[in-house]
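Residues per chain, in single letters:
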Amino acid sequence: MLKDRSILLGITGSVAAYKSIELIKGLRHEGASVKVVMTEASKRFITPLSIELATESPIEPASGNSVYCDMFDSPLSHVSLPADADLFVVAPATANIIGKYANGIADDLLSTALLAFNGKVIIAPAMNWRMYENPVFQKNLQYLVSIGVKTVGPERGSLACGEEGIGRMADIEKIMEAIRTALSKQDIAGEKVLVTAGPTREDIDPVRYISNRSSGKMGYAIAKIAKRRGADVTLISGPVAIKPPDGVDVINVETANEMHAAVMDNISRSSIFVMSAAVADFMPAESKGRKIEKKEGLSLDLIKTGDILEDAGRLRNKPFIVGFAAETGQRLDRARKKLVDKNIDVIVFNDVSKKGSGFDVDTNEVVIIDKKAEKRLPLMSKDDVAIALFDRIIELKYNNG
Ligand SMILES: Cc1cc2nc3c(=O)[nH]c(=O)nc-3n(C[C@H](O)[C@H](O)[C@H](O)COP(=O)(O)O)c2cc1C
């Protein structure tokens, strides 16, 4: 994702400065080249040597100097560093650097390089909650937001000073996702994407239910990539144990009937609908209002649940619709039939009995089938499957395949 992208990272004088090491490692792991500007105050929290070591890797050593502190050590670094960068990130960002940037003050290398940069800037504020809530600080922050600077965090929680409140620097993964979004193509901006994910639960009684092995990872990856590429995303999720992506509207449901109702409520506002949830096909004909006792014995009478994909495919003003066909074995014929029978645009076939594919793993091996082509993809991360799926959706929707 970040391969060959050049990131200039500013580190300022906050207790959170040590977390920049994890950020640098994460960026390098995804293929980015990272150069760092440290303020004088930041050096009281972490040494330039530690930062330099994080920017190096024995396999792929960083070329040339990677950590810069003094504007006068390397004349013109305040201009050349920003000129070479695809993205400028300041994490952690103190109240001081935010105030200086908002007011055009350029009295050290970081503040001067920020003024000399005309690309995208992300800041991750970190400070005591009183500093954060101070109207002077808020005015500076809001001015930066109004000129297009992206902020990530801060979060509420226990602060380094021992107090509770807003001011913790955002998690590194959140900062990473903001960076991926900033450097990602925005080719589905303006689209309203509706995604379903996870399993459903069909109650037998208040204690027991029927469900399936879906973890929601595929649908959550689809929602994340759609958001990253600029879409407005609504995620209808069955019960799962994973966190939804940031910036996505989440509707939590439990049963197939609830998911059906939530889809029908939202689909008319959507331009792309991806049905990746593993909806239970059957539900108990009746659900007891009390726990069935063991001695009573149990035999279940099951009835079919409503078919969400079929009902979506029948709508007069339907969005672009993508379904999933989870099969055991290479039953591509069944997936092809589903594409036609359900009157949808794309079906993603996956063999859930294959190792590394399907339920509760981070990878998947799929075939993307539409009316014009079948694309067989190798085993890859669910994020990469989602990227390939949106590439195909864009081709079909805008370039006629
Ligand atoms: C122990 C300690 C922790 C600090 N933590 C923060 C912080 O999290 N956020 C902040 O805005 N300032 C914090 N400060 C104050 C800044 O270090 C100070 O404003 C400094 O001038 C910032 O300089 P810089 O923005 O050039 O790095 C802290 C100071 C000390 C002594």
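Criteria and cut-off values
Residues numbered from 1 in each chain as written. Predicted model: local features only at pLDDT ≥ 70, side-chain atom pairs only at ≥ 80, totals over all residues. Helix = DSSP H or I, 4+ residues; strand = E, 2+ residues; numbered from the N terminus. Buried ≥ 20, exposed ≤ 12 C-beta atoms within 10 Å, placed from the backbone. Contact = placed C-beta atoms within 7 Å. Expected span 1.5 Å × (residues − 1). Near = placed C-beta within 6 Å. Nonpolar A, V, L, I, M, F, W, Y, C, P; charged D, E, K, R; others polar. Pairing = 2+ DSSP bridges. Axes fitted to C-alpha atoms, helices over the stretch in contact; angles between N-to-C directions. Parallel < 35°, antiparallel > 145°, perpendicular 65-115°, else oblique. Left-handed = near helix turned anticlockwise from the far one by under 90°. Domains from an automatic or database assignment.

Trainee: Would you take a moment to explain the overall build of the protein chain for this structure?
Mentor: Counting secondary structure elements, the protein chain contains 13 helices and 22 strands. When its C-alpha atoms are laid out on the principal axes, the protein chain stretches across 80 × 50 × 40 Å. Every one of the 401 residues in the protein chain was classed for burial, and the buried ones make up 42%. Restricting the contact set of the protein chain to residue pairs at least 6 apart, pairs at least 24 apart contribute 67%.

Trainee: For this particular structure, what's the right way to read helix H7 (residues 135-146)?
Mentor: Note on helix geometry: an α-helix contains 3.6 residues per turn, so any two residues three or four positions apart are oriented the same way. Over its 12 residues, H7 extends 16 Å from the first C-alpha to the last, a length consistent with the 16 Å expected when each residue adds 1.5 Å. Sparse coverage of H7 is indicated by the burial of one of its 12 residues. The positive-phi residue at the C-terminal boundary of H7 is glycine 148, with phi of around 100°.

Trainee: Would you mind going over the site of the ligand with me for this structure?
Mentor: The immediate surroundings of the ligand are formed by 15 residues, with Thr12, Gly13, Ser14, Ala41 and Thr94 found nearest. Ranked by residues supplied to the shell around the ligand, first place goes to helix H4 (residues 95-102) with three residues. Along the lines of polarity and charge, the residues of the shell around the ligand split into eight nonpolar, seven polar and no charged.

Trainee: Would you take a moment to explain the sheet that holds strand S12 (residues 232-237) for this structure?
Mentor: Spatial strand order, S13-S12-S9-S14-S17-S18-S20-S21: eight strands in an open sheet with mixed pairing. Looking at the sheet topology across the chains shown, the edges are occupied by strand S13 (249-252) and strand S21 (374-376). The average undirected angle you get between the axes of adjacent strands in this sheet is 15°. Looking at chain direction, strand S18 (residues 346-351) and strand S20 (residues 366-370) are connected through five bridges and run antiparallel. Looking across to S20, one finds that valine 348 is bridged to isoleucine 368. Each of strand S9 (192-197), S12 and strand S14 (272-275) is contacted by helix H9 (residues 217-228), which is oriented at about 165° to S9, the strand it contacts most. Along the sheet face, helix H10 (residues 256-266) touches S9, S12 and S13 and points at about 165° away from the line of S12.

Trainee: Help me understand the packing of H9 against helix H13 (residues 382-398), please; the structure alone is not making it clear to me.
Mentor: Any two packed helices are characterised by the angle at which their axes cross and by the distance between the axes. The interhelical angle for the contact between H9 and H13, taken along N-to-C directions, is 55°, at an axis separation of 8 Å. In this view, H9 runs oblique relative to H13, as classed from their interaxial angle. In the packing of H9 onto H13, the handedness of the crossing is right-handed. Contacts from Lys217, Met218, Ala221, Ile222, Ile225 and Ala226 of H9 reach H13 at Lys382, Asp383, Ala386, Ile387, Leu389 and Phe390. Within the contact of H9 with H13, the residues separate by chemical class into nine nonpolar, no polar and three charged.

Trainee: What is the right way to look at the domain arrangement of the protein chain in this model?
Mentor: Frequently, the measure chosen for interface size is the accessible area that the parts lose on association. You can read the domains of the protein chain as domain 1 (6-183) and domain 2 (192-398). Between the C-alpha centres of domain 1 and domain 2 the distance comes to 39 Å.

Trainee: Looking at this structure, how should I read the sheet that holds strand S1 (residues 6-11)?
Mentor: The strands making up a sheet are joined through hydrogen bonds of the backbone, oriented either antiparallel or parallel. The six strands are arranged S3-S2-S1-S4-S5-S6 in an open sheet whose pairing can be described as parallel. Unpaired on one side and paired on the other, strand S3 (67-68) and strand S6 (150-151) mark the two borders of the sheet. Pairing of strand S5 (residues 120-125) with S6, which is carried by two bridges, proceeds in the parallel orientation. Looking at S6, one finds that isoleucine 122 is bridged to lysine 150. Sitting on the sheet, helix H2 (residues 48-55) touches S1, strand S2 (33-38) and S3, and the angle it makes with S2 is about 170°.

Trainee: Please clarify how the packing of H4 against H7 should be interpreted in this entry.
Mentor: Contact pair H4 / H7: the axes reach a minimum separation of 9 Å and the direction vectors enclose 55°. With respect to each other, H4 and H7 are oriented oblique. Of the two elements, H4 crosses H7, and the hand of that crossing is left-handed. In this structure, H4 uses Ala95, Ile98, Gly99, Tyr101 and Ala102 to contact H7, whose residues at the interface are Phe137, Asn140, Leu141, Tyr143 and Leu144.

Trainee: Any chance you could explain unusual backbone geometry here in plain terms?
Mentor: Note: most residues except glycine have negative phi, and most peptide bonds are trans. With an omega dihedral of -5°, the bond running from alanine 91 to proline 92 counts as a cis peptide bond. Within the element layout of this structure, proline 92 appears in strand S4 (residues 87-93). With omega at 0°, the peptide bond leading from glycine 153 into proline 154 counts as cis. Turning to its location among the elements, proline 154 is positioned in the loop between S6 and strand S7 (155-158). One non-glycine residue with positive phi stands out, namely aspartate 4, at about 65°. A residue is classified by how many C-beta atoms lie within 10 Å of it, and aspartate 4, with 8 of them, is exposed. The backbone of leucine 76 sits at a positive phi, close to 75°, despite the residue not being glycine.

Trainee: I'm lost on the environment of valine 207 in this one. Help?
Mentor: Tracing the backbone through its elements, the reader meets valine 207 in the loop between strand S10 (202-203) and strand S11 (209-210). Linking valine 207 and arginine 229, residues 22 residues apart in sequence, is a C-alpha distance of 41 Å.

Trainee: I keep staring at the pairing of S20 and nothing clicks. Help me out?
Mentor: Every other side chain in a regular strand lies on the same face of the sheet, so the side chains alternate between the two faces. Sheet topology note: the S20/S21 ladder contains three bridges and is antiparallel. Bridge pairing in S21 links valine 367 to arginine 376. Linking S20 back to S21 in an antiparallel pair, the connection comprises three residues.

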